[in-house]
Amino acid sequence: MNIRIGNGYDIHQLGGGRPLILGGVNIPHELGLLGHSDADVLTHAIMDGMLGALSLGDIGHYFPPSDPQWAGADSLVLLEQVNQLIVDRGWQVGNIDSVVVAERPKLKPHIAQMRDRLAGVLAVKPDQIGIKATTNEKLGPVGREEGIAAIAVVLLDRK
Ligand code: MG
């Protein structure tokens, strides 16, 4: 088989006194995402999709929240390590499609930069990284701005 597919989902709570980092981009907002690492929910969903495509488990296995080593970690550094895992096994990212679900702030102005950041780490072209943004139409915890969620589908190609 020359292609594999994986999906990933993540959600983090919003809170004060934290930066909002999505796809490796620091986005101006009065709230940020809470978590052990930088809580970059989009990058986490993408990593789980990459690992899932090769049935390699999930990011909690590789970067457990109980390990102080990952406190405040830059998720792009973790993404680079996950990419190395798949490259070492003879695979590369074919394309990614993702959705960030956030009531606020408006993410559209930042999407091009997120694609560039992620593509740079994964050594692919920005047009291989799809990022869409939607609100949750004020429904549920995401709609009440208690958190931000992300979903990703990842296709891997054999090198
Ligand atoms: Mg996470």
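Residues numbered from 1 in each chain as written. Predicted model: local features only at pLDDT ≥ 70, side-chain atom pairs only at ≥ 80, totals over all residues. Heavy atoms only, no water.

Caption draft 1: Examining the coordination of the magnesium ion more closely. Note on the magnesium ion: its protein donors are Asp10 (OD), His12 (NE2) and His44 (ND1). The metal-donor distances range over 2.0 to 2.2 Å. Exposure remark for Asp10: the relative accessible area of 15% places this residue in the buried category. When its relative accessible area of 6% is taken as the criterion, His44 is described as buried. (Donors = N, O, S within 2.8 Å, 3.2 Å for Na, K, Ca; no water. Buried < 20%, exposed > 50% of the residue type's maximum accessible area, 1.4 Å probe, protein only.)

Caption draft 2: Expanded view of the pairing of strand S1 (residues 3-15). In this structure, S1 lies alongside strand S7 (residues 147-158), joined through 11 bridges in antiparallel fashion. What sits directly across from Asp10, in S7, is Ala150. Where S1 meets strand S4 (residues 32-33), two bridges bridge the pair, whose relative direction is antiparallel. Bridge pairing in S4 links Gly15 to Gly32. (Pairing = 2+ DSSP bridges. Helix = DSSP H or I, 4+ residues; strand = E, 2+ residues; numbered from the N terminus.)

Caption draft 3: Summary view of the packing of aromatic side chains. In this structure the tally under the stated criterion is one aromatic pair. When the ring of Phe63 is compared with that of Trp70, the centres are 4.9 Å apart and the planes differ by 85°; the resulting orientation is edge-to-face. There is no split in this pair, since Phe63 and Trp70 are both buried. (Phe/Tyr/Trp six-rings, centres within 6.5 Å; stacked < 30°, edge-to-face > 60°.)

Caption draft 4: Layout of the side chain of His110. Along the chain, His110 turns up in the loop between strand S5 (91-101) and helix H4 (111-122). Residue His110 is classed as buried on the basis of its relative accessible area, which comes to 18%. Excluding residues within four positions of it along the chain, His110 makes contact with Ile27 and Pro28. (Contact = heavy atoms within 4.5 Å.)

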